[in-house]
Amino acid sequence: MPDDLYQRYQAAARTHREHTSGCPHCTDRARCPAGERLWTAFVRLQDAYLARQRSKRTR
């Protein structure tokens, strides 16, 4: 069964990339409000996924 958290994290990364590829205001260092919201969602999901992976290794 696919990992739902991983899928959500990857979907957030794709959504952010799609947004930044067409947004003239988003760069590697600056983001428009929508880009910032998408980046924050990606980072939150990535952090949660990586934390869970780390906790699996320490068991």
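In what follows, the structure referred to is the one given above.
Note that the structure is predicted; figures quoted are calculated from it, not measured.

## Things to note about the packing of aromatic side chains
Consideration 1: Taken as a whole and assessed by the stated rule, the structure comprises 5 aromatic pairs.
Consideration 2: With a centroid separation of 5.4 Å and 25 degrees between ring planes, the pair formed by Tyr 9 and Tyr 49 is classed as stacked. Taken as a pair, Tyr 9 in helix α1 (residues 4–22) and Tyr 49 in helix α2 (residues 33–57) lie far apart in primary sequence, 40 residues in all.
Consideration 3: Ring geometry for Trp 39 versus Phe 42: centroids 5.4 Å apart, planes at 50 degrees, classification tilted. Linking Trp 39 with Phe 42, this pair stays in helix α2, spanning 3 residues, or about one helical turn.
Consideration 4: Judged by relative accessible area, which is 29%, Trp 39 ranks as partly exposed.
Consideration 5: Using a relative accessible area of 12% as the deciding quantity, one classes Phe 42 as buried.
Consideration 6: Through a chain of ring-to-ring contacts, three or more aromatic side chains come together here, namely Tyr 6, Tyr 9, Trp 39, Phe 42 and Tyr 49.
Consideration 7: The lysine or arginine in question, Arg 31, covers the ring of Trp 39, its NZ or CZ lying 4.3 Å from the ring centre.

Parameters and conventions
Residues numbered from 1 in each chain as written. Predicted model: local features only at pLDDT ≥ 70, side-chain atom pairs only at ≥ 80, totals over all residues. Heavy atoms only, no water. Phe/Tyr/Trp six-rings, centres within 6.5 Å; stacked < 30°, edge-to-face > 60°. Helix = DSSP H or I, 4+ residues; strand = E, 2+ residues; numbered from the N terminus. Buried < 20%, exposed > 50% of the residue type's maximum accessible area, 1.4 Å probe, protein only. Lys NZ or Arg CZ within 6 Å of the ring centre and 35° of its normal.

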